[in-house]
Amino acid sequence: MLYKILTKILWIFFKIIFRAEITGADKIPEGRPLIISPNHKSNFDPLLVSAMIKPQIHWIAKKELFAFKPLGAFIRAVGGFPVDRQNTDIKAVKTAMSLLKNNKVLGLFPEGTRVKTPDFTKPKSGVALIAHRTKATVVPIYIEGDYTPFSKMKLIVREPLDLSQMKITQSDYDEISLGILKSIYGVDENKNNIS
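Residues numbered from 1 in each chain as written. Predicted model: local features only at pLDDT ≥ 70, side-chain atom pairs only at ≥ 80, totals over all residues. Heavy atoms only, no water.

A. Structural view of helix α5 (residues 126-134). In terms of burial, α5 is largely enclosed, as 7 of its 9 residues are buried. For α5, the set of buried residues is V127, A128, L129, I130, A131, H132 and T134. Buried residues in α5 make contact with β2 (34-38), α4 (90-101), β5 (105-107), β6 (137-144) and α6 (173-185). The positive-phi residue at the C-terminal boundary of α5 is K135, with phi of around 60 degrees. (Buried < 20%, exposed > 50% of the residue type's maximum accessible area, 1.4 Å probe, protein only. Helix = DSSP H or I, 4+ residues; strand = E, 2+ residues; numbered from the N terminus. Contact = heavy atoms within 4.5 Å.)

Right under this line is the structure:
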């Protein structure tokens, strides 16, 4: 209930202040576990994506946000949970997998932190690993805009990626994660430019 109320308020806020819109929402599968995977440029990102996409998204948030207990309690109340970005956080991975195995929607930034320009040289394998092990579909999303008031913010939903039928080894995760990252940014594999 809290999540629904919050996202309705946020939808109004982003529509008025940032003229937010989403394209390709019809590409998002229904009735199956999903990993929503956007680029990450601002602290507003999870709020914007949650406001514009219908299913409840359970975001993985850096553990530092939970140090302030009221904020941590609020994040948990709307379905988020912490991750230690400096170490291999087995508990966070198990929580993510449990949610997906129960047909929930996970929110995970493949870049792991906010970035101004994409770095394709060091893809993080977490999204590919979790998606493959839980048979979840990855939904790459590009967030376009810079959150300037009354300018336009746009979510562009790319083609979903289903890893459930793919035969993947541990060594494939980095390559698949790179493909997901390039998909988010709409990189042309031949021209290597962002669209």
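What follows picks up the thread again.
B. Region of the structure containing the pairing of strand β3 (residues 57-62). In terms of burial, β3 is a largely internal element, 5 of the 6 residues being buried. Relative to β5, β3 runs parallel, the two sharing 3 bridges. Counted as the bridge partner of H58 is L106 from β5. Relative to strand β4 (residues 81-83), β3 runs parallel, the two sharing 3 bridges. (Pairing = 2+ DSSP bridges.)

C. Molecular detail of the side chain of E111. One can find E111 in the loop between β5 and α5. No salt bridge is formed by the buried E111; its nearest oppositely charged neighbour, K41, is found at 9.4 Å. Separated by 2.6 Å, the side chains of E111 and Y185 make a polar contact. Apart from the residues lying within four places of it in its own chain, the contact partners of E111 are N39, H40, P118, K124, L181 and Y185. (Lys, Arg positive; Asp, Glu negative; His and termini not counted. Salt bridge = Lys/Arg side-chain N within 4 Å of Asp/Glu carboxyl O. Polar contact = N/O pair within 3.5 Å; in protein donor to acceptor, adjacent residues only side chain to side chain.)

D. Broad picture of the pairing of β2. Burial of β2 is extensive: 5 of the 5 residues sit out of reach of the surface. Burial of β2 is two-sided: the residues L34, I36 and P38 facing one way and the residues I35 and S37 facing the other way are all buried. In the sheet, β2 pairs with β5 via 3 bridges, with the strands oriented parallel. Paired with I36 across the two strands is G107, which belongs to β5. Across 5 bridges, β2 lies against β6 in parallel orientation. Across the sheet, the residue bridging to I35 is V138, located in β6.

E. Structural view of the environment of V139. For V139, the position within the fold is in strand β6. Setting aside its immediate chain neighbours within four residues, V139 contacts I28, P29, L34, I35, I36, S37, V157 and P160.

F. Structural view of the packing of α5 against α6. Running from N to C, α5 and α6 point in directions that differ by 105 degrees, and their axes come no closer than 7 Å. It follows from the interaxial angle that α5 and α6 lie roughly perpendicular. Residues V127, A128, L129, H132 and R133 of α5 form the contact with α6, whose own contacting residues are Y173, I176, S177 and I180. Here the residues of the contact of α5 with α6 sort into 6 nonpolar, 2 polar and 1 charged. (Axes fitted to C-alpha atoms, helices over the stretch in contact; angles between N-to-C directions. Parallel < 35°, antiparallel > 145°, perpendicular 65-115°, else oblique. Nonpolar A, V, L, I, M, F, W, Y, C, P; charged D, E, K, R; others polar.)

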